[in-house]
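# What the coordinates show
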Amino acid sequence: MDRPSYRYLILCLACVGFMISFSLRSAFIMTVTHTSRLEEEPNSFHNERSHLQRENRIDKFDHIWNSSIGNYSWEERPTNGSTVAKGQRVESLFYRGCTVYNTSRDYESGYGFSESVQFYSVYYLGMGPGYLTSAFILSKIESHYVIAAGFYATAVLHFLLPVVFTLSGSGVMVIRLLNGFVESAIQPAIVVISKSWAFKGEESTFLSITLVGTYLSPALASFFVGACLCYISWHASLYILAGLLLVWALLWHLFSYNSPLDCPQLSGTDMKRYKEEQNTGAKGFTSKGHKIPWRDILTSKPVWAIWVAVANKNSNLAAVSALIPLFFKEVYGIRAADSGLLLIAPFVSNSASLLLSSYISDRLISSGKLKTTAARKWMQCLGALGEAIFLICTIYVSDWRLAAAFLTLAQAMTGLCFPGFGCNTMDLSRHFAGAISGVVNTGTFMVFVITGIASLLPDHGGPNKWTVIFWINAGIAAFSSIFYLIFASGEIQPWGIGKGEENTERSSLVRTPHNEEEQPTSLAD
């Protein structure tokens, strides 16, 4: 009897690793939000809004926001001018009996809205040049080593971050910039790993399970980090998650392989199927031995269609992960720990939608009901347009519960986009999927753009600022769906075939409904 498929271990390891890594991002955002001076001044929103009303600088929806801000009660402002008096016990909206607030285990950084947003956005500024160099790195170093090195470095940087956070804002910027750079090659590398290990017809499902940790992590992190902020200390979550990531990186280093054929524990059944499908070679799906066609990649319309979709995904990520905690705090007066819990439902819905839509997409393609190009376009367009509609709804409701509900629906629609653009790089080329992924992921620069715009808007917490931010995100989502619909492709590109493999490569990648029905059971079955 054959042993269980080793690719399930690869799937689990990758999913858990991305879950921990992205949980660190959420932990940092919630920590910054918790320690910022805005955390201690929720009632200042009322005063600022009254001043702005007198100057007629609030739009006609102002009455909605006035009613919604009244739905959340806060401690009465002490006479000394601080929201919370020294030694006064502060209760959380969701957590009860918090023991950290206003004690020696708490911390007030003094950073404002602009600084908080910049700490987040500079991470993606570091990712830009990192993505551009990732193709070169992946052509020299095997993908599983790149992933391990990136997460080792991320863990070490997050051990340093709490100390530097109390000393220098500039130091925090440097660490975040470095963190973005070292992590930039990880996602292109996991695309290479997924292409190597996925059976034919399950590419979307395999990659979605691998990356579902990135979408589910904010939900898990929100509860965990909120509890740490309430019961342990303001920086405990950063240390705990960094330690877990360090352990995980060691396990990945020891048990992962770049190619199934490099794995000595591979079962006989899997070995036979990998060879039959010619889905991988002895060194996996790297670009080694092949000259990367940079000019063709950079001038390819399908590649740019993916880039626009990635930009939309990351503008949404910026709005939800970085700005929504600040949104709930400024507009509804909800603390970071509590707003983190409000983000659980959106990210759970996103993860469930991602997995379900990936399964459906793979089944539609493998059954011959939809061609790959049609399936990619349908998923991307439906998801992006739905996201745009619900983001707009979020800003024109009078209650924080309704805002959280519409945000949940927006994230559920975003999950539909993954089997559209998320797996599209693997369709265009077998050998250069990592290089293409590196190029299109420069679309993460949109996070820097969106958060940069947010930091430059008037820091008064009024609806005008949030209206601008949400409408920009909705506009990007709508544009991405139209652009992708026109220019995307799910077919292998002429430049995507390795030199000397024109005939064999095409024959191995062209699939028909007949030969797909003969495939053994896969993840999509």
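Residue positions are given per chain, counting from 1 as you read along its sequence in written order. Given that the model is predicted, a residue must reach a pLDDT of at least 70 before its local features are reported, and side-chain atom pairs must reach 80 or more before they are shown or counted; all residues, however, enter totals for whole chains, interfaces and linings. Hydrogens and water are ignored here; the side-chain numbers use all heavy atoms of the structure.

An unreviewed UniProt entry annotates the protein as Major facilitator superfamily (MFS) profile domain-containing protein originating from Elysia crispata. The Subcellular location (unreviewed entry) field of the UniProt record for the protein holds the comment "Membrane". UniProt positions are given in the numbering used here, feature names are shortened, and annotations may be inferred rather than shown by experiment.

Looking now at empty space enclosed by the protein. Cavities and pockets are defined on a 1 Å grid built over the protein atoms alone: a cavity is a set of grid points where a 1.4 Å probe fits but cannot escape, while a pocket is an open set with protein on both sides within 12 Å along at least five of seven lines, and lining residues are those with an atom within 4 Å of any such point. Grid points are joined across faces, edges and corners, and a volume is the space filled by probe spheres set on the points. Counted by the stated rule, this structure contains nine cavities of 30 Å³ or more. By volume, the second largest cavity amounts to about 120 Å³. As for the second largest cavity, its lining consists of 14 residues, and the residues nearest its centre are Gln187, Val310, Phe421, Gly422 and Asn441. All amino acids are sorted into three groups, where Ala, Val, Leu, Ile, Met, Phe, Trp, Tyr, Cys and Pro are nonpolar, Asp, Glu, Lys and Arg are charged, and the leftover types, Gly among them, are polar. Residues of the lining of the second largest cavity, tallied by class, amount to eight nonpolar, five polar and one charged.

Once that is clear, we can look at the confidence of the model for the protein. Here the protein averages 76 in pLDDT, while 76% of its residues score no lower than 70. As a per-residue measure, pLDDT reflects the predictor's confidence and takes values from 0 up to 100. By definition, any uninterrupted DSSP run of H or I lasting at least four residues is a helix, any uninterrupted run of E lasting at least two residues is a strand, and each is numbered from the N terminus. When the elements of the protein are averaged for pLDDT, helix α2 (residues 44-54) gives the smallest value, 35, and helix α9 (residues 236-255) the largest, 93. Contacts between residues were defined by any pair of non-hydrogen atoms, one from each residue, lying within 4.5 Å. A low-confidence stretch, residues 39-90 stays under pLDDT 50, and its non-local contacts, those more than four residues away or across chains, total 97 contacts. Here residues 503-522 scores under 50 on pLDDT; set against residues more than four positions off or in separate chains, the count is 34 contacts.

For an α-helix, the turn length of 3.6 residues means that residues three or four places apart are oriented alike. Given the number of residues in a helix, its expected span is that number minus one, multiplied by 1.5 Å. Between its terminal C-alpha atoms α9 stretches 29 Å, which fits the 28 Å expected from 20 residues at 1.5 Å a residue. Throughout, exposure labels follow a simple rule: accessible area from a 1.4 Å probe, protein chains only, divided by the maximum for the residue type, with under 20% read as buried, over 50% as exposed, and the rest as partly exposed. Those residues of α9 that sit buried are Ala236, Ser237, Leu238, Leu241, Ala242, Leu245, Trp248, Ala249 and Trp252. In this structure, the buried residues of α9 make contact with α1 (7-35), α5 (143-167), α7 (186-197) and α8 (203-231).

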